[in-house]
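# Structural description and commentary
For reference, the chains in residue letters:
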Amino acid sequence: MSNIRVRIAPSPTGKFQIGNARTALFNFLFAKKSGGTFIVRMEDTDQSRSTKESEENILKSMDWLGLSWDEGPTIEGDGYKGSFGPYRQVERLNTYDEYINMLINEGKAYKCFCTTEELEEERSKQKEKGIAAPKYSGKCKNLSKEEVEANIKEGMPFTVRFIIKPEKVKFNDLVKGDVEIDMSNYGDPVLVRSDGMPLYNFVVVIDDLLMKITHVIRGEDHISNTPIQIQIHEALGNTPPKFGHIPLTLTPDKKKLSKRHGAVSIDEYREMGYLKEALINFLVLLGWSSGNEQEIYSLEELINVFDLSRMQKSNAIFDIERLNWLNGIWIRKKDINEIVDLSKPYFEKMNVKSDQEYLNKIMLLIRDRLKYLSQIPELTDYFFNEGRLDKQKLVFKKSTAETTKKGLEAACNKLSSLGRWPESTEDFSTILAGAVADNGMANGDVFWPIRYSLSFSETSPSPAELLWALPKEVSLTRIKKAIDAL
RNA sequence: GGCCCUAUCGUCUAGAGGUCCAGGACGCCACCCUCUCAAGGUGGUAACACGGGUUCAAAUCCCGUUAGGGCUGCCA
């Protein structure tokens, strides 16, 4: 076990998102690769947006993906594992108080009595003056002790602000390299809201410090928060952790992935029938590559080959076609029984009560055609229900109604006179081919109408496969019906 | 606007100065297989954003421009 400790720190303000999952995955891989510890911490200080359901969804989604955490809330949500808890920020409020007081007493933070209105006015005035980078003036920093006490006595609400040192902050980012930011562009950030609730930029530092986080791997949307957090760490006399800012994933129109741009939660992809293996595989390739030409990776393989230094520096666009391809690959890689199990929810939605054997046959026939499991209803309806027979479509394009009828009859006769119903697709194939040969016909005169009459579809598995899967009586009835229709 | 990050086929990417008139994958197109649709196989289409340097040599290093993204909250 190495002393490397990383965390994923989602705010439970909605379902677990694709972007979060990707960040979690990179953290997970980084930790597992090095024998380190992977921690989940709920950043729920925004109580107006945080919900228990969101937390549950995040935990369950991570668990489903196989991103198991060593420390953090338990999946049941009734406790914690790990000895650096609690792992929910609202349960650590007392701790934050201690550190806030320390900073204030040491003159590194101050109480600010400016109201939201005053701040807005200040900002708009600065904009009017054409000031390029409006920021808080820091006027409350200069309040005397007496003024502060008087304000408090009057019951004036206040925030606590951290005093930014107006100097350049440099850090070596694990993925971006050297980054330098001039803090003279920053106003003093609020650490604690006027209602007493501490804010992200502060709590994240305290938690990372107390939880002994060694590497902070997060989205690059946090890069401009990093120098603030570094200065807070330093104000506390702590050496900041190492930072690695991974590029973001964008929608096809190059916008930040969000609810407005289609499905974004892991839940939704799961419901559509994307396999966790495909999602993991897809997500890791969004911003990372091994350097060789292998594209298909299991989570276990990734733990071995993952290397943070091979992260891409630029943003990546979420391409659903690539996910579809990977999902198809993983669907085909799975054992058929496993696929049937994964397919059950979709059959249940169809109110299908077939036995395992029938479902097995069906999935054997359609799995090559599946991009995702929720396509099952549309692709398998004819296995359970009669469809509409279109006389025009019954005739192969190079054939005629007359020949088609003859072909169907020939096949029907052969099938009906069978002593024992065959058990392999090859046998059915042979029988159909026999009907073709006996009558000097083309394959299309027999194969096509049989297939169409059994599936009511112009695109389906082969007739031999359908005969193999469908119950004998169903097949025979459908073929006879087709003959009558001509 | 300011600050920061980034820049190879439509998309995901390989490439860490010569082996690159740039390789792989997805998609798309064609062909093979074939009664159909998939799957599979084969082939094809398509990129170093632009302009300056540095160097014998640049996709690779430097500068600038342009473009995209992020941040600019008493959200995270």
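Residues numbered from 1 in each chain as written. Chains lettered and ligands numbered in written order. Predicted model: local features only at pLDDT ≥ 70, side-chain atom pairs only at ≥ 80, totals over all residues. Heavy atoms only, no water.

### Considering the overall build of chain A
Cut-off, in case you're wondering: Helix and strand labels come from DSSP, where a helix needs a run of H or I of at least four residues and a strand needs a run of E of at least two; each type is numbered from the N terminus. What the globule rule says is 2.2 Å times the number of residues to the power 0.38, and the radius of gyration is computed from C-alpha atoms. Computed by Shrake-Rupley with a 1.4 Å probe, the accessible areas treat only the displayed protein chains as cover when residues are assessed.
Counting its regular elements, chain A contains 20 helices and 13 strands. Relative to the globule expectation of 23 Å for 486 residues, the C-alpha radius of gyration of chain A, 32 Å, shows a markedly less compact shape. Over its C-alpha atoms, taken along the principal directions, chain A stretches across nearly 105 × 50 × 40 Å. As presented, chain A carries roughly 23600 Å² of accessible surface, and 47% of it is formed by carbon and sulfur atoms.

### Observations regarding the packing of aromatic side chains
In plain terms, the rule: In this scheme Phe, Tyr and Trp rings, the latter by its six-membered ring, pair at centre separations within 6.5 Å, and the angle between planes marks the pair as stacked below 30 degrees, edge-to-face above 60, and tilted otherwise. Per-residue accessibility, obtained with a 1.4 Å probe over protein chains only, is compared with the maximum for each type, and a residue is labelled buried under 20%, exposed over 50%, and partly exposed between these values. For a Lys NZ or an Arg CZ to count as sitting over a ring, it must be within 6 Å of the ring centre and within 35 degrees of the ring normal.
Counted under the stated rule, the structure contains 18 aromatic pairs. Seen in terms of ring centroids, Trp-288 and Tyr-297 are 6.0 Å apart; in terms of plane orientation they differ by 70 degrees. Their pairing is edge-to-face. Each ring, one from Tyr-358 and one from Phe-383, has its centre 6.3 Å from the other, and the planes form 80 degrees; the classification is edge-to-face. One end of the pair, Tyr-358, is in helix α13 (residues 356-366); the other, Phe-383, is in the loop between α14 (376-380) and α15 (391-394), with 25 residues separating them in the sequence. On the basis of relative accessible area, Tyr-358 is assigned to the buried category, the value being 12%. We classify Phe-383 as buried; its relative accessible area is 5%. Three or more aromatic residues joined by ring pairs make a cluster, and in this case those are Tyr-269, Tyr-274, Phe-282, Phe-318 and Tyr-372. Stacked on the ring of Phe-84, the Lys or Arg Arg-5 has its end atom at 3.9 Å from the ring centre. The positively charged end of Arg-451 is found above the aromatic ring belonging to Trp-448, 4.8 Å away from the centroid.

### Remarks on the protein's contact with RNA strand B
Test applied: A molecule or strand has a residue near it when one of that residue's heavy atoms lies within 4 Å. Polar contacts here mean pairs of N or O atoms no more than 3.5 Å apart (in protein, one a potential hydrogen donor and the other a potential acceptor; neighbouring residues in sequence count only if both atoms are side-chain atoms).
Of all residues adjacent to RNA strand B, which total 65 residues, the nearest are Thr-45, Asp-46, Lys-176, Arg-369 and Asn-443. Between RNA strand B and the protein, one listed contact pairs a sugar or linking oxygen with a backbone N or O atom of Asp-368 at 2.7 Å. A distance of 2.8 Å separates a sugar or linking oxygen of RNA strand B from a polar atom in the backbone of Glu-458. Of all the elements, helix α18 (residues 443-455) adds the most residues to the surface near RNA strand B, at five residues.

### Comments concerning the domain arrangement of chain A
Filter applied, for reference: For the domain bounds, the source is a domain assignment made automatically or taken from a database.
Per the domain assignment, the segments making up chain A are domain 1 (1-74 + 247-333), domain 2 (91-246), domain 3 (334-378) and domain 4 (391-485). Between the C-alpha centres of domain 2 and domain 3 the distance comes to 54 Å.

### Thoughts on the packing of helix α9 (residues 276-285) against helix α11 (residues 320-333)
Rule in force here: Angles here are taken between N-to-C directions and fall from 0 to 180 degrees, while the axes themselves are lines fitted to C-alpha atoms, restricted in helices to the stretch in contact. Oblique is the label for any angle not covered by the other classes, which are roughly parallel (under 35 degrees), roughly antiparallel (over 145) and roughly perpendicular (65 to 115). When the near helix sits turned anticlockwise from the far one by under a right angle, the crossing is termed left-handed; a clockwise turn instead gives a right-handed crossing. For this analysis, residues touch if any pair of their heavy atoms sits within 4.5 Å.
Running from amino to carboxyl end, α9 crosses α11 at an angle of 135 degrees, the nearest separation of the two axes being 8 Å. As summarised for this structure, α9 and α11 are arranged oblique, according to the angle between their axes. α9 and α11 meet at a crossing whose hand is right-handed. Here Glu-277, Ala-278, Leu-279, Asn-281, Phe-282 and Leu-285 of α9 come into contact with α11, specifically with Arg-322, Leu-323, Leu-326, Asn-327 and Trp-330.

### Focus: the pairing of strand β8 (residues 177-182)
Which entries qualify depends on this criterion: Note on pairing: DSSP must find at least two bridges between two strands before they are called paired.
Sheet topology note: the strand β7 (residues 168-173)/β8 ladder contains six bridges and is antiparallel. Its bridge partner being in β8, Val-169 is matched across the sheet by Ile-181. Between the end of β7 and the start of β8, which pair antiparallel, lie three residues.

### Details of the sheet that holds strand β5 (residues 109-112)
Pairing is antiparallel in the open sheet, where three strands are placed in the order β5-β6-β9. With partners counted over all chains shown, the strands left at the sheet margins are β5 and β9 (190-192), one partner each. Direction aside, the axes of adjacent strands within the sheet are offset by 40 degrees on average. Bridge count between strand β6 (residues 159-162) and β9: two bridges; the pairing is antiparallel. Along β9, the bridge assignment pairs Val-160 with Val-192.

### Regarding the pattern of salt bridges
The condition that has to hold: Definition used for salt bridges: Asp or Glu carboxyl oxygen within 4 Å of a side-chain nitrogen of Lys or Arg.
Under the defined criterion, the tally for this structure stands at 27 salt bridges. Salt bridges sharing common partners tie together Arg-7, Arg-41, Glu-43, Arg-92, Asp-207 and Asp-208.

### As for unusual backbone geometry
For the bond running from Gly-85 to Pro-86, omega is 0 degrees, close enough to zero to count as cis. Note that Pro-86 resides in the loop between β4 (80-81) and α3 (93-105). In this model, Lys-254 sits at a positive phi of 65 degrees, which is unusual for a non-glycine residue. A positive phi angle is found at Asn-351, which is not glycine, with a value near 60 degrees. Here Asn-351 shows up in the loop between α12 (336-349) and α13. A relative accessible area of 61% means that Asn-351 is categorised as exposed.

### Describing helix α2 (residues 52-65)
What counts is decided by this rule: To estimate how far a helix should extend, the number of its residues minus one is multiplied by 1.5 Å.
Helix length check: α2, at 14 residues, gives a terminal C-alpha distance of 20 Å against a target of 20 Å (1.5 Å per residue), a fit within 8%. What α2 keeps buried is the set Ser-54, Glu-55, Asn-57, Ile-58, Leu-59, Ser-61, Met-62, Trp-64 and Leu-65. Of the residues trailing α2, Gly-66 is marked for its positive phi of about 90 degrees.

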